[in-house]
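Letter by letter, the chains look like this.
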Amino acid sequence: MTEIDVSAVEAVNAEFYAAFESADLDRMGLVWADGPNADDVVCVHPGWPLLRGRSTVLRSWALIMANTPYIQFVLTDMQVRISGDQAVVSCSENIITAVEESADSLTTGGSVVTTNAFIRTDEGWRMWLHHGSPVLNREEEDDEDGH
């Protein structure tokens, strides 16, 4: 695991979030693995079923972007692990989002624990798995228990 690889993985991971925040599907497409790896792409959005295949995954991002007026991520607890031509980034996504069409109505959108996996390709590191799992806050847990 070289510092160059770690920096490159961190850069493509940051680009993934930048593409989402800017609702730029073309930019998002550049992050995901393509070519011979396109069928191996997997994505699990919080609360969604497993999506497999590059075209299916990118369609899901188009739908999400079209229905998200504003989103911003503050990443914490980020850890990068590289083994050969595969890398895994685990982190917590602390989300700020708009509750209405107006970006003036910002709210904390909760927290998602995420695993992003990347493979080394001829074009550089590319994402081949994104898995986000929502984290319930303490108040939500108490409400579900009836307390």
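For the structure itself, consult the block above.
Everything numeric here is computed off the predicted structure, so don't read it as measured data. For every chain, the first residue of the written sequence is number 1, and numbering continues from 1 along that sequence. Totals for whole chains, interfaces and linings use all residues, but because this is a predicted model, local features are given only for residues with pLDDT of at least 70 and pairs of side-chain atoms are given and counted only at 80 or more. Water and hydrogen atoms play no part in the side-chain values, which are based on all heavy atoms of the structure.

### Some words on the environment of Q79
In this structure, Q79 sits in strand β3 (residues 71–83). Three labels apply to residues, based on accessible area from a 1.4 Å probe with only protein chains included: buried if under 20% of the type maximum, exposed if over 50%, partly exposed otherwise in between. Note on Q79: relative accessible area 37%, which makes it partly exposed. Q79 sits 12 residues away from C91 along the chain, and the two C-alpha atoms are 6.5 Å apart. Sequence-distant contacts of Q79, defined by excluding residues within four places in its chain, comprise V88, V89 and S90. Starting at the N terminus, helices and strands are each numbered in turn, a helix being any DSSP run of H or I of at least four residues and a strand any DSSP run of E of at least two. Contacts were defined at the residue level, with two residues in contact if any of their heavy atoms lie within 4.5 Å.

### Examining the pairing of strand β4 (residues 86–98)
It is a general feature of regular strands that their side chains alternate between the two faces of the sheet. In the sheet, β3 pairs with β4 via 11 bridges, with the strands oriented antiparallel. Across the sheet, F73 pairs through a bridge with I95, a residue of β4. Two successive antiparallel strands, β3 and β4, enclose a turn made up of 2 residues, where G84 displays a positive phi of approximately 60°. Should DSSP find at least two bridges between two strands, the strands are taken to pair.

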